[in-house]
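# Structure assessment
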Amino acid sequence: MSTSARPSALAPFRIRNYRFQWPSDLLTSWAFEVETLVLGWYILVETGSVLLLTVLASLQFVGTLVAPVFGMIGDRMGHRDLLVAMRLAYTVLSSTIMVLALTGHLSPLSVMIIVAIMGLIRPSDLGVRGALLAEIMPAEQLVGAISVARTTQDSARIAGALTGAGLFAVLGIGLVYVAIACLYLVAALLMLCLTRPKKTLTTSDLPANSHAISRLFGDLKEGIVYAWNGPGMRAALCVAFLANLTAFPFTGGLLPYIAREIFQTDQTGLGYLSASFAVGSLTGSITLSLVSGLRIARLLIGATLAWYAMLLVFVEVRTMPVAMACLVLAGIAQSMSMISAAVILMRTASAHLRGRVMGVRMMVIYGLPLGLLAAGSLIDVIGYSATGSLYAAAGIIAMLAIAIRWRADLWPVHAPANAR
């Protein structure tokens, strides 16, 4: 493809493996989103506690701290095989909730336990699928492929938002989980259809007779040190941590509370709010898949600041149409921000360390449960609006500090992170 040719959003689908990975990721993301909304509404209705709602949302991310381990395993056994195993595990866990619900034995405690187990695995899914994507796509198509891949999450959030909570009200949680388990199973089968990419793993510098545990820790340390010291990588990781700590709580785990307590609406209203953010995110992903020649690091700075500006407005409004409009704009900015961070990491990372680098990227998602738990406590003390304004203002200040601290890596047009 010549540099002057108009980029095509369908170009990544010329790669056979991508034609299987994309629908597998799509079905997995759909199941994630429906599950998140259904369980969030279930806990809120059963307990009436915003704190327990934030605990549930936080449990989904307990595995972020071990995400580099999953990245290391993927580098060794193959990212395709690891994703198959992970998605089969989702099938088993969701089937457990399905059986408990259909037999009348489901309780908030059992939901918390199963979500905690799934939370050990699920946070690594995005990182592993990103590493696999970087393996199967030519470098010149990486930005477009990542942008199109993001549509799996964005469209899933729309579908989950508009159907998940409503289906829960009509069919009950048991029948909804029949569909969720089927989605996970089909996703695993599609992933099995991928041809294993050629391994790029290099041998370790450790001697052959080193103990296995020493080699594992050595590999893990190598990946973490490499990700933290790569050009532009540290700034991208800091932005990702900041966004998860201070931005995502108000468009994810807290949405059931915002819908019910702030806007006085039901499952349908929750679906509209969640879908609005997803529509914006999908718009941003499609836009980036069609536009070439962007300075990615500069886009990272501008989009993140715009995201916080929209959140600052969102937490103050009290009418659904205006709130939905704010969430659409926030979704566009969020998509451009997070895609930019992923592109910087995957462009910079060496092939044999890519899984571990994306594992470190997933590890910083641990900011999300921290932000959720803190927000749940602060809302009880100072109120929703004050908490939201505090989070957004802190995010803007911290983002400006990151842009100034790593200006040499993020702003000059000749910086590696801004390569076209």
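Residues numbered from 1 in each chain as written. Predicted model: local features only at pLDDT ≥ 70, side-chain atom pairs only at ≥ 80, totals over all residues. Heavy atoms only, no water.

Going by an unreviewed UniProt entry, the chain carries the name MFS transporter and comes from Bradyrhizobium zhanjiangense. Annotation of the chain in UniProt includes, under Subcellular location (unreviewed entry), the sentence "Cell membrane". (UniProt positions renumbered as here; feature names shortened; annotations may be inferred.)

### Observations regarding the overall build of the chain
A count of helical and extended segments in the chain gives 18 helices and 0 strands. Per-residue burial over the chain gives 55% buried out of 420 residues. A separation threshold of at least 6 residues defines the contact pool for the chain, and within that pool the share at least 24 residues apart is 86%. Working note: accessible area of the chain is about 16600 Å², and carbon and sulfur atoms make up 69% of it. (Helix = DSSP H or I, 4+ residues; strand = E, 2+ residues; numbered from the N terminus. Buried < 20%, exposed > 50% of the residue type's maximum accessible area, 1.4 Å probe, protein only. Contact = heavy atoms within 4.5 Å. Areas by Shrake-Rupley, 256 points an atom, 1.4 Å probe, with all protein chains shown as cover.)

### Things to note about the side chain of Thr251
Take Thr251: it is sitting in the loop between α10 (233-246) and α11 (255-262). Residue Thr251 is classed as buried on the basis of its relative accessible area of 1%. Discounting chain neighbours no more than four positions away, the residues touching Thr251 are Arg157, Phe277, Leu311 and Leu327.

### Observations concerning the packing of aromatic side chains
If you walk through the whole model with that rule in mind, you get 9 aromatic pairs. Between Phe250 and Tyr391, the aromatic rings sit 5.4 Å apart at their centres with planes inclined by 75 degrees, giving edge-to-face as the arrangement. Placement of the pair is Phe250 in the loop between α10 and α11 and Tyr391 in helix α17 (residues 384-405), with a sequence separation of 141 residues. Among the residues examined, Tyr391 registers a relative accessible area of 8% and is labelled buried. Between Trp307 and Tyr308, the aromatic rings sit 6.3 Å apart at their centres with planes inclined by 20 degrees, giving stacked as the arrangement. (Phe/Tyr/Trp six-rings, centres within 6.5 Å; stacked < 30°, edge-to-face > 60°.)

### Regarding α17
For α17, spanning 22 residues, the distance from its first C-alpha to its last is 31 Å, which sits close to the expected 32 Å at 1.5 Å a residue. Tyr384, Ser385, Thr387, Gly388, Ser389, Tyr391, Ala392, Gly395, Met399, Ile402 and Ala403 are the residues of α17 that are buried. In this structure, the buried residues of α17 make contact with α10, α11, α13 (296-314), α16 (367-382) and α18 (407-410). (Expected span 1.5 Å × (residues − 1).)

### Side note on the confidence of the model for the chain
The share of residues in the chain with pLDDT of 70 or more is 86%, and the mean pLDDT across the chain is 82. Ignoring residues within four places in sequence, the model shows residues 1-6, a span with pLDDT below 50, making 2 contacts including any to other chains. Confidence over residues 201-210 falls short of pLDDT 50; this stretch has 11 contacts with residues more than four positions distant or in other chains. (pLDDT = per-residue confidence, 0-100.)

### Remarks on the nonpolar core
If you look at the biggest cluster of nonpolar residues, it comprises 120 residues, and the most contacted ones within it are Ile258, Trp307 and Tyr384. Non-local contacts of Trp307, meaning those with residues more than four positions away in its chain, are made with Ala243, Ala247, Phe248, Phe277, Ala330, Ala333, Gln334, Ser337 and Met338. (Core = buried A, V, L, I, M, F, W, Y, C linked by side-chain atoms within 4.5 Å.)

### Things to note about unusual backbone geometry
Non-glycine residue Gln264 carries a positive phi angle of around 50 degrees. Mapped onto the fold, Gln264 is located in the loop between α11 and α12 (267-290).

### A closer look at a nonpolar patch on the surface
Taken together, the side chains of Leu102, Leu167, Val170, Leu171, Leu175 and Val178 present a nonpolar region at the surface, about 520 Å² in accessible area. Only α7 (142-171) and α8 (173-192) provide two or more residues apiece to the nonpolar patch. Per-element tally for the nonpolar patch: the top contributor is α7, with 3 residues. Considering the arrangement of structural elements, one finds Leu175 in helix α8. Taking the relative accessible area as the measure of exposure, Leu175 reaches 46% and is therefore partly exposed. (Patch = residues over 30% accessible without salt bridge, like charges linked within 9 Å, V, L, I, M, F, W, Y side chains within 5 Å. Salt bridge = Lys/Arg side-chain N within 4 Å of Asp/Glu carboxyl O.)

### A closer look at the pattern of salt bridges
On inspection of all chains with the given rule, the structure shows 7 salt bridges. For Arg87, the salt bridge is made with Asp25, and the minimal N-O distance between the two is 2.8 Å. In this pair, Arg87 is assigned in helix α4 (residues 79-102) and Asp25 in helix α1 (residues 16-47), connecting sequence segments 62 residues apart. Between Arg129 and Asp25 there is a salt bridge whose closest N-O contact spans 3.9 Å. Pair noted here: Arg129 is in helix α6 (residues 124-136) and Asp25 is in helix α1, with a separation of 104 residues, a long-range link. Summarising the burial analysis for this pair, Arg129 and Asp25 share the class buried.

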